[in-house]
Amino acid sequence: MTQVSKADTIKKYKVLNSMINITFPDGAVRQYEQGVTALDIAKSISEGLARKVIAANVNGETWDATRPITKDAMLKLLTWNDTEGKYTFWHSSAHLMAEAVESMFPGVKFWVGPPAENGFYYDMDLGDRKMSEEDLAALEKKMNELAKQNNPYIRKEIPKAEAVQYFTKKGDEYKLDLLQGLKDGEITFYTQGNFTDLCRGPHIPNTGFIKAIKLTNIAGAYWKGDEKNKQLTRMYGITFPHQKELDEYLQMLEEAKKRDHRKLGKELGIYTMDDDVGPGLIMWMPNGTVIIEELEKLAKETEEAAGYKRVVTPHIAKESMYLTSGHLPYYADSMYPPMDLEGEKYYLKSMNCPHHHKIFAAEPKSYRDLPYRIAEYGTVYRYEQSGELFGLMRVRCLHMNDAHIYCAKEQFNDEFRAVNEMYLKYFKIFGVDKYVMRLSLHSPEKLGIKYVNEPELWKETETMVRDVLIESNIPYVEVQDEAAFYGPKIDVQIYSVIGREFTLATNQVDFSQGRSFKLQYTTHDNTSETPLIIHRAPLGTHERFIGFLLEHYAGKLPVWLSPLQVKVLPISDKVLAYANEIKLKLRKANIRVEVDDRNEKIGKKIREAELNRVPYMLVVGEKEMNEQKIAVRRQGKGDIGTQPVEEFINMVVDEIQNRRSE
Ligand SMILES: [Zn+2]
Ligand SMILES: [Zn+2]
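Counting restarts for each chain: residues are numbered from 1 in the order of the written sequence. To label them, take the chains in the order written and letter them from A, then take the ligands in the order written and number them from 1. In view of the model being predicted, local features appear only for residues whose pLDDT reaches at least 70, and side-chain atom pairs are presented and counted only at 80 or more, with totals across whole chains, interfaces and linings using the full set of residues. Processing note: side-chain calculations cover all non-hydrogen atoms of the structure and skip hydrogens and water entirely.

### Topic: the overall build of the chain
Helix and strand counts for the chain stand at 21 helices and 33 strands. Across its three principal axes, the chain shows a C-alpha extent of roughly 115 × 75 × 55 Å. Accessible area is worked out with a 1.4 Å probe on protein chains only. A residue is then buried under 20% of its type maximum, exposed over 50%, and partly exposed in between. For the chain, buried positions account for 50% of its 662 residues. Long-range contacts, defined as pairs at least 24 residues apart, comprise 68% of the intrachain contacts of the chain with a sequence gap of at least 6. When charges are counted, Lys and Arg are positive and Asp and Glu negative, with His and the chain ends excluded. Where a charge lies is defined by one atom per residue type: Lys uses NZ, Arg uses CZ, Asp uses CG and Glu uses CD. Between the centroid of the 90 positive side chains of the chain and the centroid of its 97 negative side chains there is a distance of 2 Å. A run of H or I in DSSP counts as a helix once it spans at least four residues, and a run of E counts as a strand once it spans at least two, with each numbered from the N terminus. In this description, contact between two residues means that some pair of their heavy atoms is separated by no more than 4.5 Å.

### Some remarks on the confidence of the model for the chain
Each residue carries a pLDDT score, the predictor's own confidence in it, on a scale running from 0 to 100. Summing up the model confidence of the chain, the mean pLDDT is 93 and the portion of residues at 70 or higher is 97%. Throughout residues 1-14 the model reports pLDDT below 50, and contacts reaching past four residues in sequence, or to other chains, amount to one contact.

### Let's talk about the coordination of the zinc ion (ligand 1)
Metal coordination here is assigned from N, O and S atoms located within 2.8 Å of the ion, or within 3.2 Å for Na, K and Ca; omission of water means that sites may look incomplete. Within the protein, the atoms that donate to the zinc ion (ligand 1) are His91 (NE2), His95 (NE2), Cys199 (SG) and His203 (NE2), at distances of 1.9 to 2.1 Å. In this scheme the shape depends on donor count and angles: four donors with every angle between 85 and 135 degrees give tetrahedral, four or six donors with opposite pairs above 155 degrees and others between 65 and 115 give square planar or octahedral in turn, and any other case is irregular. If you look at the zinc ion (ligand 1), its four donor atoms make angles of 90 to 128° with each other, and the shape they trace is tetrahedral.

### With respect to the coordination of the zinc ion (ligand 2)
In an ideal octahedron of six donors the angles at the metal are 90 or 180 degrees, and in an ideal tetrahedron of four donors they are 109.5 degrees. Taken together, the protein donors to the zinc ion (ligand 2) comprise Cys353 (SG), His404 (NE2) and His535 (ND1), at separations of 2.0 to 2.3 Å. Considered as a linear motif, the donors of the zinc ion (ligand 2) on their single chain read C-x50-H-x130-H. Linking Cys353 in helix H13 (residues 353-361) with His535 in strand S28 (residues 532-536), this pair joins segments that are 182 residues apart in sequence. Comparing Cys353 with His535, the two get one shared label, buried.

### Observations concerning helix H21 (residues 645-657)
An expected span of 1.5 Å times one less than the residue number is assigned to each helix. Between the first and last C-alpha of H21 there are 18 Å, a value that for 13 residues agrees with the 18 Å anticipated at 1.5 Å per step. Every buried residue of H21 is accounted for by Val645, Phe648, Ile649, Val652, Glu655 and Ile656. Projection of H21 onto a plane perpendicular to its axis shows the buried side chains occupying an angular sector of 130°, all on one side. Every exposed residue of H21 that faces more than 90 degrees away from the buried side is listed here: Asn650 and Gln657. Looking at the buried side of H21, the elements it contacts are strand S29 (566-570), helix H18 (576-588), strand S31 (616-620), strand S32 (629-634) and strand S33 (638-644). Just downstream of H21, Arg659 is the residue with a positive phi angle, here 45°. An arc is given here, and it is the one of the directions from the helix axis to the C-beta atoms.

### Topic: the packing of helix H6 (residues 160-170) against helix H7 (residues 173-180)
Each pair of packed helices gets described by two things: the angle between the helix axes and the distance between those axes. Only the stretch in contact is used when a helix axis is fitted, and all axes are lines through C-alpha atoms; the angle between N-to-C directions ranges over 0 to 180 degrees. Running from N to C, H6 and H7 point in directions that differ by 165°, and their axes come no closer than 8 Å. Classified by the angle their axes make, H6 and H7 are roughly antiparallel. The crossing of H6 and H7 is left-handed. Between H6, through Lys160, Ala163, Val164, Phe167 and Thr168, and H7, the contact on the second element is made entirely by Lys175, Leu176, Leu179 and Gln180. Amino acid classes used here: Ala, Val, Leu, Ile, Met, Phe, Trp, Tyr, Cys and Pro are nonpolar; Asp, Glu, Lys and Arg are charged; the rest, including Gly, are polar. For the contact of H6 with H7, the per-class residue count stands at five nonpolar, two polar and two charged. Any angle between 65 and 115 degrees counts as roughly perpendicular, while under 35 counts as roughly parallel, over 145 as roughly antiparallel, and the rest as oblique. Note: crossing handedness is left-handed where the near helix turns anticlockwise from the far helix by less than a right angle, and right-handed where it turns clockwise.

### Quick look at the sheet that holds strand S11 (residues 195-198)
Strand pairing is assigned whenever DSSP detects at least two bridges linking the two strands. Judged by pairing direction, the sheet is antiparallel, and its three strands sit side by side in the order S9-S10-S11 without closing on themselves. Of all the strands in the sheet, the pair left with one neighbour each is strand S9 (154-157) and S11. Each adjacent strand pair in this sheet contributes to an overall mean axis angle of 25°, direction not counted. The pairing of strand S10 (residues 188-192) with S11 spans four bridges and is classified as antiparallel. Directly across from Gln192, in S11, lies its bridge partner Phe195. Helix H4 (residues 83-104) rests against S10 and S11 of the sheet, and its axis sits at about 125° to S11.

### Points about the packing of aromatic side chains
By convention, a stacked pair of Phe, Tyr or Trp rings (six-membered ring in the case of Trp) has centres within 6.5 Å and planes under 30 degrees apart, an edge-to-face pair has planes over 60 apart, and any other such pair is tilted. All chains considered together, the criterion is met by 28 aromatic pairs. Seen in terms of ring centroids, Phe502 and Phe548 are 5.0 Å apart; in terms of plane orientation they differ by 80°. Their pairing is edge-to-face. Of this pair, Phe502 sits in strand S25 (residues 501-510) while Phe548 is found in helix H17 (residues 542-552), placing the two residues 46 residues apart along the sequence. Both residues of the pair, Phe502 and Phe548, belong to the buried class. One aromatic cluster in this structure is built from Trp80, Phe89, Trp90, Phe240 and Tyr249. Either the NZ atom of lysine or the CZ atom of arginine qualifies as a charge over a ring when it sits within 6 Å of the ring centre and within 35 degrees of the ring normal. Over the ring of Phe360 we find Lys365; its NZ or CZ atom is 4.9 Å from the centre of that ring.

### A few points about the nonpolar core
Membership of the largest hydrophobic core comes to 92 residues, with the highest contact counts inside it found for Phe430 and Leu586. Looking at which element gives the most residues to this core, the answer is helix H14 (residues 412-429), with eight residues. Ignoring any residue separated from it by four or fewer positions in sequence, one finds Phe430 in contact with Leu295, Leu298, Leu539, Phe545, Leu549, His552, Tyr553, Trp560 and Leu561. Grouped together as the second largest cluster of nonpolar side chains are 41 residues, Val108, Phe195, Met235 and Phe240 included. Side-chain atoms within 4.5 Å link the members of a nonpolar core, which is a set of buried Ala, Val, Leu, Ile, Met, Phe, Trp, Tyr and Cys residues.

### Details of the pattern of salt bridges
Note on pairing: side chains with opposite charge can pair once their charged atoms come close. Each reported salt bridge corresponds to a side-chain nitrogen of Lys or Arg within 4 Å of a carboxyl oxygen of Asp or Glu. The full count for this structure, using the stated rule, is 43 salt bridges. Among the salt bridges present, the one from Lys258 reaches Glu255, with a minimum N-O distance of 3.4 Å. In this pair, Lys258 and Glu255 both sit in helix H8 (residues 243-258), three residues apart, roughly one turn of the helix. Look at Glu255 and you get partly exposed, because its relative accessible area is 26%. In this structure, the salt-bridge partner of Arg500 is Glu551, at a minimum N-O distance of 2.6 Å. In this pair, Arg500 sits in the loop between strand S24 (489-495) and S25 while Glu551 sits in helix H17, placing the two residues 51 residues apart along the sequence. Residue classification places Arg500 among the partly exposed residues on the basis of a relative accessible area of 28%.

### Considering the packing of helix H10 (residues 286-305) against H17
Running from N to C, H10 and H17 cross one another at 105°; their axes reach a closest spacing of 11 Å. With respect to their mutual orientation, H10 and H17 come out roughly perpendicular. Where H10 abuts H17, its residues Ile291, Ile292, Leu295 and Glu296 lie against His542, Phe545, Ile546 and Leu549. Per-class residue counts for the contact of H10 with H17 are six nonpolar, one polar and one charged.

### Looking at the pairing of strand S13 (residues 231-240)
Of all ten residues in S13, eight are buried; the element is thus mostly enclosed. Summarising the sheet, strand S8 (residues 119-125) and S13 pair through five bridges and their orientation is antiparallel. Along S13, the bridge assignment pairs Met124 with Thr233. Of the pairings in the sheet, the one linking strand S12 (residues 212-222) to S13 comprises ten bridges and is antiparallel in character.

This is the structure in structure tokens:
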């Protein structure tokens, strides 16, 4: 018989009944019993809320909503509307997919199943078996069945030896490989229904949250992304909490297909690629080059007005510079291999920053020279794996709307705000109504490992950046542990008119590279100080931005960006001279114009100009010639009336100069 002492009973009683303080995002503090879960807390607020909670942020970490909280904590309940919530939802769906696959393909081995930008995937080894389209439909059906069982995702901490034993027995060498990198004491298994996975979580409370499922694609993927390794099967899917959301998503995909920048880029003669040049290396054709030059003109005007000066730097630099900047050895994988020259190694530049720092350092600087702003549409080269290359979105040579601002700490707020305002100005020009800025912060535990060990500077700059975002009333989300090595950053996400998300560019604070490059300026008091550096690229790269624009406008670019702005369409040869006269007048007004002088029917000429997305078509026949007028057609809209040429010129020039969208 066990003796239970009175003291023990009291101790147990105390543990069970001790209360903890939970702090909510609005600062409110409420007391709960120790061991309470985020889901319990949601229930204590309202049943409706509890139905929506899929995970929780506990002290900066994403957790299962069903995991007991044992000490005082900051708590944010996460729903589908939070990025972390969505990722938890999709990652949990990957487990559900794996369960369905395992039930249909016994013996399948799994590698990893992370959430993706839209949905999730799981890499798996199916052995000799192949997955067919019919299999996908059957798997979807199976997943729906399993989801309806409302199976909870059960977390279990497990000793390493036991975990190794489990996967040895299962014969899954991929999970065993993952286990090798994990420490005893920090290993967890998650089980839902008949499926158990090695995973650190978190997951949604149960499979019943998943109401709409679509398996979207099957592809090959090398294990660990290495072409020397075995090729695994990568299955992609997407899930939603309501059927309506899936329907909308599929409709958006249909629309996106029509607006695919690769299809439009070819049809409109924007860019090309060639095997002899190499994968991921874009060649801009004359039409694409017009767009590039218009974008650069916009950037130059905007930057000049904002006090930037322009610089030009070479495409290569010696190894020593990238050692100073820290790109080597850390980012060697994303750079082209070096060239040997006169006993030195030269690298193609993957960033413009180091060259710009050298320009800052070339002449002595005093506080009077700050802020020092230098800009360049810089060409950079990045080694992207061939499997990752995608149209204009993932390429190996990029042209970046780059600039660096070197400023004193007390100038930072104004400078950073001005950069943000520049983003907003561009969004207005391009009709970007929806955007989100992601403020990426450091993680204090990783100072000196993943982040420069400057706790005070981190705090200070993060506060400065946050203040600017709040003051400018810009929608933003905060994410822990995603900052750059040398400072906090803002990732800018914009949405095309059909609601697709594009990561545009980052806006970065840097308090470290200035020191690495020994950049100095003389202060009022004649002391030496290192400037803060802002890295910014509001228009991103030509490649990604033009890819975005093609989708956003469905190829119907605003007049100022259109490679060809006006096409004159003579009805017969009799009016050819008149058509050419109009062309000359328009050209004098700097309008990009051509005459379709082919011996074709006018209907055909109009159709082709429409297909080529020429914004204005001027139809001229004998009637127009005799009246010294033109019949104007707007692309996609048809006839908009007859006008004297001068009137038309004034209208179009105004449209171009003000960079109007319609
Ligand atoms: Zn998981
Ligand atoms: Zn930079």
